[in-house]
Amino acid sequence: VQLQASGGGLVQAGGSLRLSCTTSGSTFSSYTMAWFRQVPGKEREFVAVIRSTGGRTYYSDSVKGRFTISRDNARNTVYLQMDSLRPEDTAVYYCAADRGIILSSIRRAYLYDYWGQGTLVTVSS
């Protein structure tokens, strides 16, 4: 499975961006898809996830109410709509995929099998 993330850029605080992550293969609908982010010197941080079955979503407390994760199985794409952006949201954002990850592990980056290349989001104050 190959993941290609896009949509990052420079935005002012309070603005919005939508990230996209497109995957190869015909089994996209069977994968749990997640977004993580990372700043230099820090560990990769969980942002949001959408499950394969039922499409249930989960968010980190820091983005809940501002970010929305969604998926389009027909397009093999997962999205991250980011609203009310803050300077502390500045990071490289990565999409990740896994088929068998269990609910209690969805926030653990090291358990995801597939990763995109990352897209940089910079929020200016």
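(A) View of the state of the cysteines. Within this structure, the stated rule accounts for 1 disulfide. Note on cysteine connectivity: C21 is disulfide-linked to C95, with sulfurs 2.1 Å apart. An S-S torsion of about 60° defines the bridge between C21 and C95 as right-handed. Within this pair, whereas C21 is found in strand β3 (residues 17-23), its partner C95 is found in strand β9 (residues 91-98), the two being separated by 74 residues in sequence. For the pair C21 and C95, a shared accessibility class is recorded, and that class is buried.

(B) Up close: the pairing of strand β4 (residues 32-38). Among the 7 residues that make up β4, 6 are buried, leaving the element largely enclosed by the rest of the structure. Examined bridge by bridge, β4 and β9 share 7 bridges and lie antiparallel to one another. The residue bridging A34 from the neighbouring strand is A96, located in β9. Pairing geometry for β4 and strand β5 (residues 45-50), over 5 bridges, is antiparallel. Bridge pairing in β5 places R37 opposite E45. Connecting β4 to the next strand, β5, in antiparallel fashion are 6 residues, including G41 with a positive phi near 85°.

(C) Summary view of the sheet that holds strand β8 (residues 77-82). Ordered by their spatial adjacency, 4 strands build an open sheet running β1-β3-β8-β7, and the pairing between neighbours is antiparallel. Every interior strand has two partners, whereas the edge strands, β1 (3-6) and β7 (67-72), have only one. Pairs of neighbouring strands in the sheet enclose a mean axial angle of 15°, with direction left out of account. Note that β1 and β3 share 4 bridges and pair antiparallel. When the bridges of β3 are listed, L3 appears paired with T23.

(D) A look at the nonpolar core. Core analysis: the largest hydrophobic core is formed by 27 residues, its most contacted members being M33, W35, L80, M82 and Y93. Those elements giving two or more residues to this core turn out to be β1, β3, β4, β5, β7, β8, β9 and β11 (119-124). Considering each element in turn, this core owes the most residues, 4 residues, to β9. In terms of nonpolar packing, the next biggest core, distinct from the first, is built from 10 residues, A34, Y58, A96 and Y112 among them.

Rules of the game
Residues numbered from 1 in each chain as written. Predicted model: local features only at pLDDT ≥ 70, side-chain atom pairs only at ≥ 80, totals over all residues. Heavy atoms only, no water. Disulfide = S-S within 2.5 Å. Helix = DSSP H or I, 4+ residues; strand = E, 2+ residues; numbered from the N terminus. Buried < 20%, exposed > 50% of the residue type's maximum accessible area, 1.4 Å probe, protein only. Pairing = 2+ DSSP bridges. Axes fitted to C-alpha atoms, helices over the stretch in contact; angles between N-to-C directions. Core = buried A, V, L, I, M, F, W, Y, C linked by side-chain atoms within 4.5 Å.

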